[in-house]
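# Structural overview
Here is how the chains run, residue by residue.
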Amino acid sequence: MKRAFLFAIAAVIALSTLSVVNAQPANAVGASDWKAGNIIDDAVFADSGSMSVSQIQDFLNKRVGTGSNGVAGKCDTNGTRTSELGGGTRAQYGAANGNPAPFTCLKDYYEVPKTTPSPGIPANNYGNKPIPEGAKSAAQLIWDAARQHSISPKVLLIKLATESSGPLTSDDWPFLKQYTYAMGAHCPDSGPGGSANCDSNYAGFSMQISEAAALLRYYLNNMTQPWWSYKKPYQNNNILWNVTQRNCGGSNVYIESKATAALYTYTPYQPNQAALNNMYGTGDNCSAYGNRNFWRVFNDWFGPTLGNSNFLRTVDNTTLYLVSGDTKHPISDISMFGALYQLGGVGYVSQAYLDTKTTGSLLGRVIRSSDGTVYFYDAGIKLPFGSCAQVEAYGSSCGQSILLQDYQINSLAQGPSMTTVLGTTSGKLFYMDGTKHEVYDPASLSIVGMENASVNFLNETALSNLSYGAPIVRQDTFIKDRSDESLLYAYSGSTLRAVNRDAKQDTYLKTIPSRPLDSTSISKLTQGTAMGGYLKAADGTSYIVVDNGKIKVTTPAEWSASFVLTSDAILNQIPTTSTLAGPYFFKTKSSGTVYFVSAAQKRPILGWADLLALSPNPTILTLPDYYANTIADGPFALGPGSLVKTANDATVYVIDGLNKKIPLNSFSPSQELGFTSLRVVPDNALTSYTTTNYLLTSTITCGSNQGVAIGGIAYRLNIQNATYMAMSPLNCNLLTWKDAPGFLVAPNGTIYQAASSQKRPISGYVKYLELGGTDANTIRASNYILDMLPTGATL
């Protein structure tokens, strides 16, 4: 059934042909390495630039003499060595068999190229004849054929080694007839017993080499055509074990590459198990060796025939391509190469070979098979899409999918169907709609109606070509930045608010449950006012966040920071520990200085007495430095009622409230008021206090109370014509108010009745008792106080 352009090796391969490598190499292939459906990759097979003329010549120089009884690198031109076939020397054997010495080895052989079929052998230099005009070396003829027909010169050398008797590649005393049909071109197995039946029009080394390359290229170019009736790639083919005359039968083989189909078309037999079990020898009567030997010798001489035809690049250019059929797709993201690891490693080919492939679109993550099924791929797995709309959700389209060969698609493991919600092996969750939306947590999927969606898991690099969309985040949550988890955000009311770094690190906020998102996802959310440690509920209730929760403050205006409106759901995640009505005091974790907070300022307190004067039972908060930094610096806070002066000024003052100082011209009123402890304070401690335009007096007004201070007690005693000084509430808080006393005792012992707005002397103790005098209604008064009251008639 073979046509003239088809040919095969003889059914029984001569032992000389089997001995193309007579010593098994250390890295020899074995039966388990054989793949009947994938003998060689297309790229390796068709890489016409894989060897130069000089490299081919060097190869021939080294291979000569490596057969039986030879000396590597040496040609026994004169036949002086003993003939391994008997009959004396090789020269004697040659003379007896019609081919006297000298012999010409392949490395030294030249022939005038035969370009059209015709009987006879072209002019050549065999037998030490001069090199004919126009003749070319065997190396040049091999290179020319490889370049002309885009077939690797390595393939032609291997075919020469497996098809020629000798074989020519290693024979160191070849006969001329070994060159005649060196490649078995146009030698179909139609002779007696399935033997080769060669066409004399194709005799000659140059014709054999060029025709072998031409036939192989013809097979490659046409085997996918509908009319092709020989071995076809990407489907099952029945391959015989040997020639039909031996009735050995065959088996179905799924051919995975065009190059493999070309080899089976050229030599239509596969090795049986016996041939594979004795890889470097012979099998049984049904064994055929052509394709086995081709594969074995190629691996021995040039390395693996497989694993590098899908991903190709040149040595000089780092651009990597995925080759599918006659199209090469540039790869811009190396992760895609890793995701298709089952297609093999990187193969290095010549630019000339790459130029034979049409440049297609950049390789993406969406591929399709010949039946139209569109897949996403990752980690060596293919995941089918359910619709073109779903493909678009992954940023591509059915029309942009890249067609792979069936064997490439089939090499990928089958995965589950693609889903709109995607998990990644890095722990992230995405919702896909043409962009990738990072999902805060599964509960957030209810926002897009996907709360019960199925989820597939892929490597995150599979989505690297997709841009980020706004993340899917449910309301009233805390978000961490995945790249820097010291960055914390509160998300509420569709607004993202950054939590101050110090507040997050040093307060209760660091214990709030939160989940991370990528920085890019966070940047897609609407940004609002930063959220520190000052929070406010919708009803105006204000809080300060501290280490163990939040403190409710009743007068937030005293603090300098803005209280940020925060949802109740956020606030409820922070427990309320207490309520403070003021005055407010705090210290920082890094300093022992106590501050008094008032009128949006923090005022350092000089001493413990000042603190107690401001509040007899103070609550001192311990806050992070963050709080101190957000409140404006104020002046020192001196205790109300403090009696102070500076070192550079003799004037003595009483501190009244938070902002005033009242000068004294006498210590009498301060003593009556109970302000008796004089301190010297720094000059700058008084600079912010306003000096009153009146002097200190013990006649005072505190709200609705008016009277005079005597010995630290304020009595509601009316003194006519006196100047009443209105004191600040803080100073008034230092005094105890009582009703007017009944009697006053002077320093000299005189007892007066404090009647109305005057004092009336009492004539004696008996009279004092008659008037109702007791210890309870009698007080001692200084002359300073008594002098304020006019004296009435003696009782």
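Now for a quick tour of the structure. (Residues numbered from 1 in each chain as written. Predicted model: local features only at pLDDT ≥ 70, side-chain atom pairs only at ≥ 80, totals over all residues. Heavy atoms only, no water.)

## So, the state of the cysteines
Every disulfide links exactly two cysteines, by a covalent bond between their sulfur atoms. Throughout the structure, instances matching the rule amount to 5 disulfides. Across a sulfur-sulfur distance of 2.0 Å, Cys 702 and Cys 732 are joined as a disulfide pair. Between Cys 702 and Cys 732 the sulfur-sulfur dihedral comes to about -90°; the bridge is accordingly left-handed. Highlighted residues: Cys 702 in strand S38 (residues 699-702) and Cys 732 in helix H22 (residues 729-732), separated in sequence by 30 residues. One exposure class covers both Cys 702 and Cys 732, and it is buried. (Disulfide = S-S within 2.5 Å. Helix = DSSP H or I, 4+ residues; strand = E, 2+ residues; numbered from the N terminus. Buried < 20%, exposed > 50% of the residue type's maximum accessible area, 1.4 Å probe, protein only.)

## With respect to the sheet that holds strand S18 (residues 455-458)
Read from one edge of the open sheet, 4 strands run S17-S16-S15-S18, paired in mixed fashion. Edge positions in the sheet fall to strand S17 (436-438) and S18, since each has one partner strand and no second. Across this sheet, the average inter-strand angle for adjacent strands is 35°, counted without regard to direction. With 4 bridges connecting them, strand S15 (residues 421-424) and S18 associate as parallel partners. (Pairing = 2+ DSSP bridges. Axes fitted to C-alpha atoms, helices over the stretch in contact; angles between N-to-C directions.)

## Here we look at empty space enclosed by the protein
A complete count under the given rule lists 1 cavity of 30 Å³ or more for this structure. When its volume is computed, the largest cavity comes out at roughly 70 Å³. Taken together, 11 residues make up the lining of the largest cavity; nearest its centre are Asp 42, Val 323, Ser 324, Gly 325 and Tyr 407. If you list the elements that add at least two residues to the lining of the largest cavity, you get strand S6 (320-324) and helix H15 (406-411). When grouped by side-chain class, the residues that make up the lining of the largest cavity number 3 nonpolar, 6 polar and 2 charged. (1 Å grid on protein atoms, 1.4 Å probe; cavity = no way out; pocket = protein on both sides within 12 Å on 5 of 7 lines; lining within 4 Å. Points joined across faces, edges and corners; volume = space filled by probe spheres on them. Nonpolar A, V, L, I, M, F, W, Y, C, P; charged D, E, K, R; others polar.)

## A closer look at the environment of Asp 41
Among the secondary structure elements, Asp 41 is positioned in the loop between helix H1 (15-18) and helix H2 (42-46). Separated by 217 residues in sequence, Asp 41 and Lys 258 have C-alpha atoms that sit 8.0 Å apart.

## Focus: the sheet that holds strand S10 (residues 366-368)
Within the open sheet, the 5 strands sit side by side as S13-S10-S11-S12-S14. Their pairing is mixed. If you trace the sheet from one side to the other, it starts and ends with strand S13 (402-403) and strand S14 (413-414), each paired once. The sheet contact formed by strand S11 (residues 374-378) and strand S12 (residues 381-384) spans 4 bridges and is antiparallel. Along S12, the bridge assignment pairs Phe 376 with Leu 383.

## A few points about the pattern of salt bridges
Following the criterion strictly, the structure yields 20 salt bridges and no others. Lys 62 is the salt-bridge partner of Asp 58, the closest N and O atoms lying 3.2 Å from each other. Remark: Lys 62 and Asp 58 occur in helix H3 (residues 53-63); sequence separation between them is 4 residues, near one turn of the helix. Taking relative accessible area as the criterion, Asp 58 reaches 36% and is therefore assigned partly exposed. Here Lys 357 and Asp 326 are joined by a salt bridge, their closest N and O atoms 3.6 Å apart. A residue pair is termed long-range when its members are at least 10 positions apart, and Lys 357 in the loop between helix H13 (351-355) and strand S9 (358-359) and Asp 326 in the loop between S6 and strand S7 (327-331) qualify at 31 residues. (Salt bridge = Lys/Arg side-chain N within 4 Å of Asp/Glu carboxyl O.)

The values are spatial; any link to function lies outside them.
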